[in-house]
Structures are given as C-alpha cells and as structure tokens.
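Listed below, chain by chain, are the residues.
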Amino acid sequence: MKYIKNKNIQITFTIKEDLYFRFKTFCKGEKKNPATVLKEFIKKYVEEREEMNDG
C-alpha cells in the first residue's frame, strides 16, 4: 500500500453518549483537536500490536 501524504479521510462511527462526553472532556483537558487525539490513539494501538506480533 502506498502512503499518500495530506490525503483526507472520513471515518464515521457510533458511540455511547457517556463515552462521547468522556472523550470530549479528555480532548479539552489535553487541549488537542479530537482528530489529533484519535490519530494518536490509532498510532499507539498499531505500535502495540506490532510489538505483540514481534514478541
């Protein structure tokens, strides 16, 4: 797969309302954009999965 820099994607999902408010509070506490927080979560998850697969 070829990586295309600056390619925008759209992800749609459904979550429970209380989880949404916790996420929103977390984003405000970290002073980060929700998209940035999700990107960091996904990156960390992928790194952890790679470590598990290597071990």
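Residues numbered from 1 in each chain as written. Predicted model: local features only at pLDDT ≥ 70, side-chain atom pairs only at ≥ 80, totals over all residues. Heavy atoms only, no water.

Visitor: So what's going on with the overall build of the chain? Which residues, and what values?
Guide: A count of helical and extended segments in the chain gives two helices and zero strands. When the 55 residues of the chain are sorted by exposure, 5% land in the buried category. Counting every atom, the chain has about 6,000 Å² of accessible surface; 55% of that belongs to carbon and sulfur. (Helix = DSSP H or I, 4+ residues; strand = E, 2+ residues; numbered from the N terminus. Buried < 20%, exposed > 50% of the residue type's maximum accessible area, 1.4 Å probe, protein only. Areas by Shrake-Rupley, 256 points an atom, 1.4 Å probe, with all protein chains shown as cover.)

Visitor: I'd love a proper account of helix α2 (residues 34–54), names of residues and values included.
Guide: The first and last C-alpha atoms of α2 sit 30 Å apart over 21 residues, in line with the 30 Å expected at 1.5 Å per residue. Sitting at the amino-terminal end of α2 is N33, which places a side-chain oxygen 3.1 Å from the backbone nitrogen of A35. (Expected span 1.5 Å × (residues − 1). Polar contact = N/O pair within 3.5 Å; in protein donor to acceptor, adjacent residues only side chain to side chain.)

Visitor: Just give me the short version of the pattern of salt bridges, but keep the residues and values in it.
Guide: Taken as a whole and judged by the stated rule, the model has one salt bridge. For the salt bridge of E40 with K32, the shortest nitrogen-to-oxygen distance reads 3.1 Å. (Salt bridge = Lys/Arg side-chain N within 4 Å of Asp/Glu carboxyl O.)

Visitor: Describe a negative patch on the surface, listing the residues and the values that go with them.
Guide: Negative charge collects at one region of the surface, where E47, E48, E50, E51 and D54 lie side by side. Among the structural elements, E47 can be located in helix α2. (Patch = residues over 30% accessible without salt bridge, like charges linked within 9 Å, V, L, I, M, F, W, Y side chains within 5 Å. Lys, Arg positive; Asp, Glu negative; His and termini not counted. Charge placed at Lys NZ, Arg CZ, Asp CG, Glu CD.)

Visitor: Account for unusual backbone geometry, naming residues and giving values.
Guide: Positive phi is not limited to glycine here, since K31 has a value of about 55 degrees. Inspection of the secondary structure assignment puts K31 in the loop between α1 (17–30) and α2. Judged by its relative accessible area of 76%, K31 falls in the exposed class.

Functional significance is not addressed by these values, which are geometric in nature.
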